[in-house]
Amino acid sequence: MRTPLLPTPFRALVIGSSGSIGSAFLELLENNPDCAMVTGIHRHSIPSINYEDPSSIQLAAQALSAQAPFDLIINTIGILHSEQWMPEKKLDDLNAEQLNHLIQINTIGPALTLKYFSKLLTPHASVMAALSAKVGSIEDNRLGGWYSYRASKAALNMLIKTAAIEFSRTKPNTTLVALHPGTVNSRLSKPFRGEQIGRPALDAAKDMLNVIQSLDSNDSGSFISYTGEKLPW
Ligand SMILES: NC(=O)c1ccc[n+]([C@@H]2O[C@H](COP(=O)([O-])OP(=O)(O)OC[C@H]3O[C@@H](n4cnc5c(N)ncnc54)[C@H](OP(=O)(O)O)[C@@H]3O)[C@@H](O)[C@H]2O)c1
């Protein structure tokens, strides 16, 4: 039988709580009787966290240390498109600015978040989850395209896996996972018929919280779908 990692009650932090999935996690946790306290941070909160200003990551972690320790930290920050560009359909669309920006927001920001915010986790038993995407799986890449997004999430996956290996030695009670939310109706998916094909963010958050609550420490360093299925890296 699996022993749940999260204590009851648990204390949680949602990073990117202004987004569709992030705000759904916040709402879900605020209404969860097992969750004693939840805090959300984003670009316009106090403290704020802005991946275009990497120094804000350490400053936000320092500011939140007064509220630590947390048993659960979920990072939902990520982008797919901007006002300037959409995901690349072909190699000819690839450009340095887009690739750099996606790596900055989807890879470097979450990596530094892992570095600074993992220090706020309770040492007894805790979970840190970052939202990745199935299209970041190298093995599962069947359709091609979306070069920068795929590469930024694949690199994020590698950072999570690598940190999980380090944590197995240095923080053996911390479980670190990359989560795939499925297709969700959100700002991010809107240009790709997200309203038609995506499910509500609250449903996705519920599914992922169920996955988190059924994790055990052997799952650390895994890439897991909202269904609980382990995904290939
Ligand atoms: N929706 C899907 O179908 C889907 C599928 C697979 C994976 N995902 C992943 O799920 C996560 C959440 O996506 P979502 O659908 O909820 O998208 P969303 O509604 O667009 O939310 C994105 C979040 O990222 C934040 N963000 C963007 N740029 C930032 C920056 N420079 N610094 C700090 N925060 C920044 C946004 O903050 P602001 O509110 O300030 O803009 C917002 O909180 C992402 O990592 C995404 O890759 C989503």
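Before going into details, it helps to say that this report is about the structure given with it.

Cut-offs used in this document
- Every chain is numbered independently, its residues counted from 1 as its sequence is written.
- Residues qualify for local features only when their pLDDT is at least 70, as the model is predicted, and side-chain atom pairs are given and counted only at 80 or more; totals for whole chains, interfaces and linings, by contrast, use all residues.
- Only hydrogens and water are set aside; all other atoms, that is, all heavy atoms of the structure, feed into the side-chain values.
- Residue exposure (1.4 Å probe, protein chains only): buried if accessible area is under 20% of the type maximum, exposed if over 50%, otherwise partly exposed.
- Elements are defined by DSSP. Helices are runs of H or I of four residues or more, strands are runs of E of two residues or more, and each kind is numbered from the N terminus.
- Here the term right-handed applies to a crossover when the path leading from its first strand over the helix to its second strand runs clockwise, the strands being oriented away from the viewer.
- Any two strands with at least two DSSP-identified bridges between them are counted as paired.
- For every element, the axis is a line fit to its C-alpha atoms; helices are fit only across the contacting stretch, and the angle between N-to-C directions ranges from 0 to 180 degrees.
- The labels follow the angle: roughly parallel below 35 degrees, roughly antiparallel above 145, roughly perpendicular from 65 to 115, and oblique for the rest.
- Less than a right angle of anticlockwise turn of the near helix away from the far helix marks a crossing as left-handed, whereas a clockwise turn marks it as right-handed.
- Only heavy atoms matter for contacts: two residues are in contact if any of them lie within 4.5 Å across the pair.
- In this count, Pro and Cys sit with the nonpolar residues alongside Ala, Val, Leu, Ile, Met, Phe, Trp and Tyr, while Asp, Glu, Lys and Arg are called charged and the others, Gly among them, polar.
- Any residue with a heavy atom lying within 4 Å of a molecule or strand is counted as near it.
- Here a polar contact is taken to be a pair of N or O atoms separated by no more than 3.5 Å, where protein atoms must pair a possible hydrogen donor with a possible acceptor and residues adjacent in sequence count only if both atoms sit in side chains.
- Here the Shrake-Rupley method, with its probe set to 1.4 Å, supplies the accessible areas, and only the displayed protein chains count as covering residues.
- Planes of paired rings set the category: under 30 degrees apart is stacked, over 60 is edge-to-face and the rest tilted, where pairs are Phe, Tyr or Trp rings (Trp by its six-membered ring) whose centres lie within 6.5 Å.
- Look at NZ for Lys and CZ for Arg. If either is within 6 Å of the ring centre and within 35 degrees of the ring normal, a charge sits over the ring.
- Only one rule defines a salt bridge in this text: a Lys or Arg side-chain nitrogen within 4 Å of an Asp or Glu carboxyl oxygen.

1. Description of the pairing of strand 4 (residues 126-131)
When you tally the buried positions in strand 4, you get 6 out of 6 residues, the bulk of the element. Residue alternation in strand 4 divides its side chains into two sets, S126, M128 and A130 and V127, A129 and L131, and both sets are buried. On the question of chirality, the crossover connecting strand 3 (residues 72-75) to the parallel strand 4 by way of helix 3 (residues 96-117) is right-handed. Relative to strand 5 (residues 174-180), strand 4 is paired through 6 bridges, and the arrangement is parallel. The residue bridging S126 from the neighbouring strand is T174, located in strand 5.

2. Some thoughts on the packing of helix 2 (residues 55-64) against helix 3
Closest axis-to-axis distance for the helix 2/helix 3 pair is 9 Å, and the angle between their directions is 30 degrees. By the angle between their directions, the pair helix 2 and helix 3 is classed as roughly parallel. Crossing hand, helix 2 versus helix 3: right-handed. Contacts from I57, Q58, A60, A61 and L64 of helix 2 reach helix 3 at G109, L112, T113, Y116 and F117. Looking at the contact of helix 2 with helix 3, its residues break down into 7 nonpolar, 3 polar and no charged.

3. Focus on the site of the ligand
Around the ligand, a shell composed of 28 residues is seen, among which S18, S20, R43, Y149 and S186 lie nearest. The contact in question runs from an oxygen atom of the ligand to an N or O atom on the backbone of I77, over 3.3 Å. Separating an oxygen atom of the ligand from a side-chain N or O atom of S186 is a distance of 2.6 Å. Calculation on the ligand without its partners gives an accessible area of 890 Å², and the protein chains cover 93% of this total. For the shell around the ligand, the secondary-structure elements that each account for two or more residues are helix 1 (20-30) and helix 4 (147-170). Here the residues of the shell around the ligand sort into 12 nonpolar, 12 polar and 4 charged.

4. A short note on the packing of aromatic side chains
Pairs of aromatic rings are described using the distance from one ring centre to the other and the angle between the two planes. All told, the structure shown has 3 aromatic pairs when counted by the stated rule. Between W146 and Y149, the aromatic rings sit 6.1 Å apart at their centres with planes inclined by 75 degrees, giving edge-to-face as the arrangement. With a relative accessible area of 8%, Y149 lands in the buried category. Every member of this aromatic cluster is reached through a ring pair, and the members are W146, Y149 and F192. Above the plane of the ring of F70 lies R11, whose end atom (NZ or CZ) is 5.9 Å from the centre. The ring of Y226 has R199 lying over it, and the distance from NZ or CZ to the ring centre is 3.9 Å.

5. A look at unusual backbone geometry
Negative phi is the rule for most residues except glycine; trans is the rule for most peptide bonds. For the bond running from I46 to P47, omega is -5 degrees, close enough to zero to count as cis. Relative to the elements of secondary structure, P47 occurs in the loop between strand 2 (35-41) and helix 2. Here the bond from A68 into P69 is cis, since omega is 5 degrees, no more than 30 degrees from zero. One can find P69 in the loop between helix 2 and strand 3.

6. Observations concerning the environment of P47
On the accessibility criterion, P47 (19% relative accessible area) is buried. For the pair P47 and L112, spaced 65 residues apart in sequence, the C-alpha to C-alpha distance is 16 Å. Not counting the four nearest positions on each side in its chain, P47 is found in contact with I41, H42, A60, A63 and L64.

7. Some thoughts on the pattern of salt bridges
Counted by the stated rule, this structure contains 5 salt bridges. Note that R142 and D140 form a salt bridge whose closest N and O atoms lie 2.5 Å from each other. A relative accessible area of 71% means that R142 is categorised as exposed. Residue D207 is joined to R199 by a salt bridge in which the shortest nitrogen-to-oxygen separation is 3.0 Å.

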